[in-house]
Amino acid sequence: MTKILLVTGTDTEVGKTVVTAALAARAAGSVAVVKPAQTGVGPDEPGDLAEVRRLTGRTELHEGIRLRDPLAPTTAARREGVPLPSVESHAKFVDDLARTHDLVLVEGAGGLLVGLDDDGRHLGDLAAHLAGPFAFVVVTRAGLGTLNHTGLTVEALRARNLPVEGLVVGSWPADPDLAERCNLEDLAATTGVPVIGRVPAGAGRLSQAEFTASAPTWFDADLIRL
């Protein structure tokens, strides 16, 4: 069956875009990537989807709305004086893509509860309007504080009865310290969700050939079901 994966993070700047690219690179078949709201970029500047294209060569990339200020979409749209598409319209668009693609990846903005439309509804609300099968991937940090932030994100997803595929460490250091090594074990124990992948720090600087060749090795084949 077609799978829709929604990529959220415990915070901003945790590596969602590179993880989204890595998931796209390791997937077989046709893949579409959706970014419902892109903030912090001008009309002609490269956004997150340009980075996905650069790293993977994937071309089925869809941006819902682009806003200049590097803020939450609701705040950026209010400052710009433009309306935001509704989460229902985003969900319909994703469902339509899922009918013709093997995998649809949806990258959120910031963390799970960051507002995406004029009513302040977020990626979890978007997911609740999907007709097709879906699950969340939570991108998390490696270091101190990650257990609490990841636990809160997973708890928020479960409170809404939204399925979680797994956790991915967005930037795994080449020489992890004690806290990072312990967190790798404790994340699954704390949340009840497996760590299905670790993306090496600096992966976003790889060439397309290096990235696409390496991406499958960053995920645990025994834990990820895609």
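All of these numbers come straight from a predicted model, not from anything done at the bench.

1. Description of the packing of aromatic side chains
- By the definition in use, this model includes two aromatic pairs.
- Centre to centre, the rings of Phe134 and Phe136 are 6.5 Å apart; their planes meet at 80°, and the pair counts as edge-to-face.
- With centroids separated by 5.2 Å and ring planes inclined at 80°, the aromatic side chains of Phe211 and Trp218 adopt a geometry described as edge-to-face. Here Phe211 matches Trp218 in class, with each residue buried.
- Over the ring of Trp172 we find Arg198; its NZ or CZ atom is 5.2 Å from the centre of that ring.

2. As for the UniProt feature "binding site: substrate" (unreviewed entry) in the chain
- Here the UniProt-annotated "binding site: substrate" (unreviewed entry) positions come out as Thr39.
- In contact with Thr39, other than residues within four places in its own chain, are Leu67, Asp69, Pro70, Leu71, Ala72, Pro73 and Ala76.
- Side-chain polar atoms of Thr39 contact the backbone oxygen of Leu71, separated by 3.0 Å.

3. What about the pairing of strand β6 (residues 164–172)?
- Burial within β6 is extensive, with eight of its nine residues counted as buried.
- Pairing geometry for strand β5 (residues 134–140) and β6, over five bridges, is parallel. Its bridge partner being in β6, Phe136 is matched across the sheet by Val164.
- Crossover handedness for the path β5 to helix α6 (residues 146–159) to β6: right-handed.
- Here β6 pairs with strand β7 (residues 195–200) via four bridges, running parallel. From the neighbouring strand, Val169 faces β7, where its bridge partner is Arg198.
- Handedness of the β-α-β unit built from β6, helix α7 (residues 178–191) and β7 comes out right-handed.

What counts and how
Residues numbered from 1 in each chain as written. Predicted model: local features only at pLDDT ≥ 70, side-chain atom pairs only at ≥ 80, totals over all residues. Heavy atoms only, no water. Phe/Tyr/Trp six-rings, centres within 6.5 Å; stacked < 30°, edge-to-face > 60°. Buried < 20%, exposed > 50% of the residue type's maximum accessible area, 1.4 Å probe, protein only. Lys NZ or Arg CZ within 6 Å of the ring centre and 35° of its normal. UniProt positions renumbered as here; feature names shortened; annotations may be inferred. Contact = heavy atoms within 4.5 Å. Polar contact = N/O pair within 3.5 Å; in protein donor to acceptor, adjacent residues only side chain to side chain. Helix = DSSP H or I, 4+ residues; strand = E, 2+ residues; numbered from the N terminus. Pairing = 2+ DSSP bridges. Right-handed = clockwise from strand over helix to strand, strands pointing away.

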